[in-house]
Amino acid sequence: MTLTDNTIKTLGVLCSGGDSPGMNAAVRSVVRSAIGLDIDVYGIYRGYSGLLEGNIQKLGLPSVSNIIQRGGTILDTSRCLEFHKPEIRQEAAHILFRKNIEGLIVIGGNGSFSGAMELHREHGIPVIGIPGTIDNDISGTDYTIGFNTAVQTAIDAVDKIRDTASAHARTFLVEVMGHKSSSIALQVGLCTGAEYVVLSNQEVDYQAIVNTVQKGKARGKTSSIIIVAEGEKAGVSYQIKDVLMEQYGMCVQVCVLGHIQRGGSPTALDRLMASEMGYSAVHALYQGQQAHVTAFNKGALEMVPLTCCLERKDEASGLSLDLINALAI
Ligand code: F6P
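None of the values given here were measured: they were computed from a predicted structure.

## Topic: the site of the ligand
Logical step 1: Close to the ligand lie Gly-18, Arg-79, Ile-134, Asp-135, Met-177, Gly-178, His-179, Glu-230, His-259 and Arg-262.
Logical step 2: Within the side chain of Asp-135, a nitrogen or oxygen atom sits 2.7 Å from an oxygen atom of the ligand.
Logical step 3: Taken by itself the ligand offers 400 Å² of open surface, and the protein chains cover 73% of this.
Logical step 4: Looking at the shell around the ligand residue by residue, the class counts come to two nonpolar, four polar and four charged.
Logical step 5: Taken domain by domain, the shell around the ligand gets at least three of its residues from each of domain 1 (10–146 + 266–309) and domain 2 (148–263).

## Observations regarding the domain arrangement of the protein
Logical step 1: Assigned domains of the protein: these are domain 1 (10–146 + 266–309) and domain 2 (148–263).
Logical step 2: Centre-to-centre separation of domain 1 and domain 2, based on C-alpha positions: 34 Å.
Logical step 3: The partner domain 2 presents 13 residues to the 15 residues of domain 1 that form the contact.
Logical step 4: When domain 1 packs against domain 2, close to 1,000 Å² is buried across both sides, 53% of that on carbon and sulfur atoms.
Logical step 5: On the domain 1 side of the interface with domain 2, the three residues burying the most area are Ile-134, Asp-135 and Thr-267, jointly 46% of the side's total.
Logical step 6: Between Asp-19 and Arg-262 there is a salt bridge, with the nearest N and O atoms lying 3.0 Å from each other.

## Observations regarding the packing of aromatic side chains
Logical step 1: Tallied over the entire structure, the rule returns three aromatic pairs.
Logical step 2: Pairing Tyr-143 with Phe-147 gives two aromatic rings, centres 6.1 Å apart and planes at 70 degrees, and the pair type is edge-to-face. Phe-147 shares its class with Tyr-143; the two are buried.

## Considering helix 7 (residues 206–218)
Logical step 1: When the terminal C-alpha atoms of helix 7 are compared, their 18 Å separation across 13 residues agrees well with the 18 Å that a helix rising 1.5 Å per residue should span.
Logical step 2: Every buried residue of helix 7 is accounted for by Tyr-206, Ala-208, Ile-209, Val-210, Val-213 and Gly-216.
Logical step 3: Residues of helix 7 that are buried sit in contact with strand 6 (171–176), strand 7 (196–198), strand 8 (224–229) and helix 8 (236–248).
Logical step 4: A positive phi of about 95 degrees marks Gly-220, the residue just after helix 7.

## What to know about the sheet that holds strand 5 (residues 127–131)
Pairing between sheet strands relies on hydrogen bonds along the backbone, with the strands arranged either parallel or antiparallel.
Logical step 1: Overall, mixed pairing links the seven strands, which are arranged 3-2-1-4-5-10-11 in an open sheet. At either end of the open sheet lies a strand with only one pairing partner, and these are strand 3 (56–58) and strand 11 (300–305). Averaged over all pairs of adjacent strands, the angle between strand axes in this sheet comes to 25 degrees, irrespective of strand direction.
Logical step 2: Strand direction decides the pairing type here: strand 5 and strand 10 (residues 292–297), joined by two bridges, are parallel. For Ile-128, the partnering residue across the bridge sits in strand 10 and is His-292.

## Here we look at unusual backbone geometry
Logical step 1: The residue Arg-46 is not glycine, and still its phi comes out positive at about 65 degrees.
Logical step 2: Structurally, Arg-46 is set in the loop between strand 2 (40–44) and helix 2 (47–53).
Logical step 3: In the Ramachandran plot, Ala-291 falls in the positive-phi region, its phi being about 55 degrees despite a non-glycine side chain.

## Overview of the pattern of salt bridges
Logical step 1: In the structure shown here, the tally under the stated rule is nine salt bridges.
Logical step 2: In this structure, Lys-180 and Glu-232 form a salt bridge, with 3.8 Å as the shortest nitrogen-oxygen distance. Here Lys-180 is found in the loop between strand 6 and helix 6 (183–191), whereas its partner Glu-232 is found in the loop between strand 8 and helix 8, with 52 residues between them in sequence.
Logical step 3: With a shortest N-O distance of 2.8 Å, Glu-195 and Lys-221 are connected by a salt bridge. Of this pair, Glu-195 sits in the loop between helix 6 and strand 7 while Lys-221 sits in the loop between helix 7 and strand 8; the two residues are 26 residues apart in sequence, bridging distant segments of the chain.
Logical step 4: Residue Glu-195 is classed as buried on the basis of its relative accessible area of 5%.
Logical step 5: Here the salt bridges share partners, and the residues they tie into one network are Arg-162, Glu-195 and Lys-221.

What counts and what doesn't
- Residues numbered from 1 in each chain as written.
- Predicted model: local features only at pLDDT ≥ 70, side-chain atom pairs only at ≥ 80, totals over all residues.
- Heavy atoms only, no water.
- Near = heavy atom within 4 Å.
- Polar contact = N/O pair within 3.5 Å; in protein donor to acceptor, adjacent residues only side chain to side chain.
- Areas by Shrake-Rupley, 256 points an atom, 1.4 Å probe, with all protein chains shown as cover.
- Nonpolar A, V, L, I, M, F, W, Y, C, P; charged D, E, K, R; others polar.
- Domains from an automatic or database assignment.
- Contact = heavy atoms within 4.5 Å.
- Buried area = accessible area lost by both parts, 1.4 Å probe.
- Salt bridge = Lys/Arg side-chain N within 4 Å of Asp/Glu carboxyl O.
- Phe/Tyr/Trp six-rings, centres within 6.5 Å; stacked < 30°, edge-to-face > 60°.
- Buried < 20%, exposed > 50% of the residue type's maximum accessible area, 1.4 Å probe, protein only.
- Helix = DSSP H or I, 4+ residues; strand = E, 2+ residues; numbered from the N terminus.
- Expected span 1.5 Å × (residues − 1).
- Pairing = 2+ DSSP bridges.
- Axes fitted to C-alpha atoms, helices over the stretch in contact; angles between N-to-C directions.

Laid out in structure tokens, this is it:
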């Protein structure tokens, strides 16, 4: 692509929605790639809420030193519900214009991308999305930064729970995050040798849980682990526990892993993805691309139109229950 005088000289970067491990690696990559192209970078703190407050600071090379290994996000984040209103987005656009910020990189999930899409549609601001959420649930991309770290954190936790479950011959329901997506639950289920996985988009089959646990016990298993995808609302495992007790006389323990899955040092995969996506996002803006996402599909990075990445997908990353069930006998 030929570069013209229209090439951007400044860009803003923000994180939005739930934080995910690797967001810092992405911010670092954005800042270093931009400075390498003589583009000034502005960090917008606390997502769209911070943008509206004008919480914006220029980022130099030292500001992103020593962060590639850190969880959370140095830019902080927020869920900004008022950004659904056009008049609020207009305010945000004016703030960007006043600060001379010519392009925006948004690191977040499909909701954050919807805000970015509207900013582009309504005010012509060039925007590039970097998929960042532990849920791996954004349409148009096979991978989102933070997913692998969250899965690994949950695996480590379940391995520990297995020790005590085995020592006491207990059955545990371990609830993992992912909102309406079962991606984390499926990978964790497979990698921990779970006896059963409860998906978020299916009715709970209580009889199947009971049968699986009983079958295991009959052939000498000393513990059972049931991974539960949290679904719409965290804590669903407590309801499942009550039904199992009241209707099937089965006693289970519950462990909701919760926000521990969002923290911690990113894995190699998340650092790699974040570094590559940050670099690609900056170069896409520099080359005049607008309203695209740095997606990862079929094993390769590609720029995908933002319009393809506005939905939440609830099917889970290629893994099926069949494999888990086949290995859990
Ligand atoms: O960021 C994604 C996620 O962790 C989901 O897995 C979870 O359902 C939700 O965020 C929790 O959000 P909050 O931290 O706002 O309670």
